[in-house]
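What follows is the residue order along each chain.
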Amino acid sequence: KVYESFFAYANWAFVEVLRGRLRQAASLCHQVLNMAEQGDLHSEGLPVLAYAYATLSMVQLEWNQVDLAVHAARQSVALAEEWNQADTLHYALTCLSDALSVAGNIEEALAVNQRSMLLATNVSPWFVRISAGDEILLNLAQRDITTAARRFAEFEPMVKQRNSIS
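Keep in mind that this is a model prediction, so the values were computed, not measured.

Here is what the cut-offs are and how they apply
- Residues numbered from 1 in each chain as written.
- Predicted model: local features only at pLDDT ≥ 70, side-chain atom pairs only at ≥ 80, totals over all residues.
- Heavy atoms only, no water.
- Helix = DSSP H or I, 4+ residues; strand = E, 2+ residues; numbered from the N terminus.
- Rg over C-alpha atoms; globule rule 2.2 N^0.38 Å.
- Buried < 20%, exposed > 50% of the residue type's maximum accessible area, 1.4 Å probe, protein only.
- Contact = heavy atoms within 4.5 Å.
- Areas by Shrake-Rupley, 256 points an atom, 1.4 Å probe, with all protein chains shown as cover.
- Lys, Arg positive; Asp, Glu negative; His and termini not counted.
- Charge placed at Lys NZ, Arg CZ, Asp CG, Glu CD.
- Expected span 1.5 Å × (residues − 1).
- Core = buried A, V, L, I, M, F, W, Y, C linked by side-chain atoms within 4.5 Å.
- 1 Å grid on protein atoms, 1.4 Å probe; cavity = no way out; pocket = protein on both sides within 12 Å on 5 of 7 lines; lining within 4 Å.
- Points joined across faces, edges and corners; volume = space filled by probe spheres on them.
- Nonpolar A, V, L, I, M, F, W, Y, C, P; charged D, E, K, R; others polar.
- Axes fitted to C-alpha atoms, helices over the stretch in contact; angles between N-to-C directions.
- Parallel < 35°, antiparallel > 145°, perpendicular 65-115°, else oblique.
- Left-handed = near helix turned anticlockwise from the far one by under 90°.

Participant: Mind showing me how you'd approach the overall build of the chain here?
Facilitator: Scanning the chain for helices and strands turns up eight helices and zero strands. When the elements of the chain are put in sequence order from the N terminus, they spell out α-α-α-α-α-α-α-α. Against the compact-globule benchmark of 15 Å for 166 residues, the chain has a radius of gyration of 16 Å, which places it among compact chains. With the principal axes as the frame, the chain shows a C-alpha extent of 50 × 35 × 30 Å. Put simply, the chain has 166 residues, and 45% of those count as buried. Of the contacts made within the chain by residues no fewer than 6 positions apart, 56% connect residues no fewer than 24 positions apart. Of the roughly 9100 Å² of accessible surface on the chain, 54% is carried by carbon and sulfur atoms. Counting 12 positive and 18 negative side-chain charges, the chain places the averaged centre of each group 9 Å from the other.

What follows is the structure, given as structure tokens:
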């Protein structure tokens, strides 16, 4: 039952991020992480904790707590790698790439995003679209408009095809 509670709280936190209720989202993430620590479950590296750290990283970026966001995202990736769950690892890598980008470490952000793209191609077109969009934004952050435009042209047919199915 504990795992299910953690999962519910972590998903609720993400919903609160989407709703713009960042204090509530951060509070829920901290609740999950604190409950895991109090229950001596943190050392088990439960994959759901990766979601809590990744979502917390998103909130910290919004609050311009960039170093904390990078740290939380790295913790998320480390936990996700332990379990090798594709969806968890993709989410964690996406959050780490975003945090590194905001921190000004575009090269590392691109490398992390490349890793998420490789993972995405084996999982889901939806994940590919997320990673592709992030890659284009990172190219723009580098002021590499030529590469961004080329990558957009490569990914646009895939997006149009997917949108016609939806």
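So that's the structure; there's more coming.
Participant: Just to check I follow, could you spell out helix α3 (residues 47-62) for this structure?
Facilitator: Structurally, the α-helix is built with 3.6 residues per turn, so residues lying three or four positions apart point the same way. In this model, α3 (16 residues) spans 24 Å end to end at C-alpha, consistent with the 22 Å of a helix rising 1.5 Å per residue. Burial analysis of α3 places 14 of its 16 residues in the buried class, the great majority of the element. Within two residues after α3, N64 carries a phi angle of roughly 60 degrees, on the positive side.

Participant: Sorry if this is basic, but what is going on with the nonpolar core here?
Facilitator: Soluble, globular proteins show a tendency: their nonpolar side chains are buried together. With 45 residues, the main nonpolar core has F6, L49 and L96 as its most contacted residues. Elements supplying a minimum of two residues to this core: α1 (2-18), α2 (22-38), α3, α4 (66-83), α5 (86-102) and α6 (106-121). Look past the residues within four positions of L96 in its chain and what remains in contact with it is V70, A73, R74, V77 and V112. Judged by nonpolar contacts, the second largest core, of eight residues, contains M117, A120, F127 and A148.

Participant: Please explain the layout of surface pockets as it appears in this structure.
Facilitator: Unoccupied space between atoms shows up once a probe the size of one water molecule is rolled over them. In this model, the largest pocket occupies a volume close to 470 Å³. In terms of lining residues, the largest pocket is bounded by 20 residues, among which F14, M58, Y91, T94 and C95 are the most central. Elements with a contribution of two residues or more to the lining of the largest pocket: α1, α3, α5 and α7 (125-141). Taken together, the residues of the lining of the largest pocket sort by class into 12 nonpolar, five polar and three charged.

Participant: Would you take a moment to explain the packing of α3 against α5 for this structure?
Facilitator: Helix-helix packing is described using two parameters, namely the angle between the two axes and the distance between the axes. Two elements in contact, α3 and α5, have axes whose closest approach is 9 Å; the angle formed by their N-to-C orientations is 25 degrees. With respect to their mutual orientation, α3 and α5 come out roughly parallel. Handedness of the α3/α5 crossing: left-handed. Taken together, the residues of α5 that come into contact with α3 (itself represented by P47, A50, Y51, A54, T55, S57, M58 and L61) are D87, T88, Y91, A92, C95, D98, A99 and V102. A breakdown of the residues in the contact of α3 with α5 according to their chemical character gives 11 nonpolar, three polar and two charged.

Participant: Can you walk me through unusual backbone geometry in this structure?
Facilitator: Note: most peptide bonds trans; most residues except glycine with negative phi. Although it is not a glycine, N84 sits at a positive phi angle of roughly 55 degrees. In this fold, N84 is placed in the loop between α4 and α5. Here N84 falls in the exposed class, since its relative accessible area comes to 60%. Of note, R143 is a non-glycine position whose phi angle comes to about 65 degrees, a positive value. Relative to the elements of secondary structure, R143 occurs in the loop between α7 and α8 (145-165). For R143, a relative accessible area of 73% translates into the label exposed.

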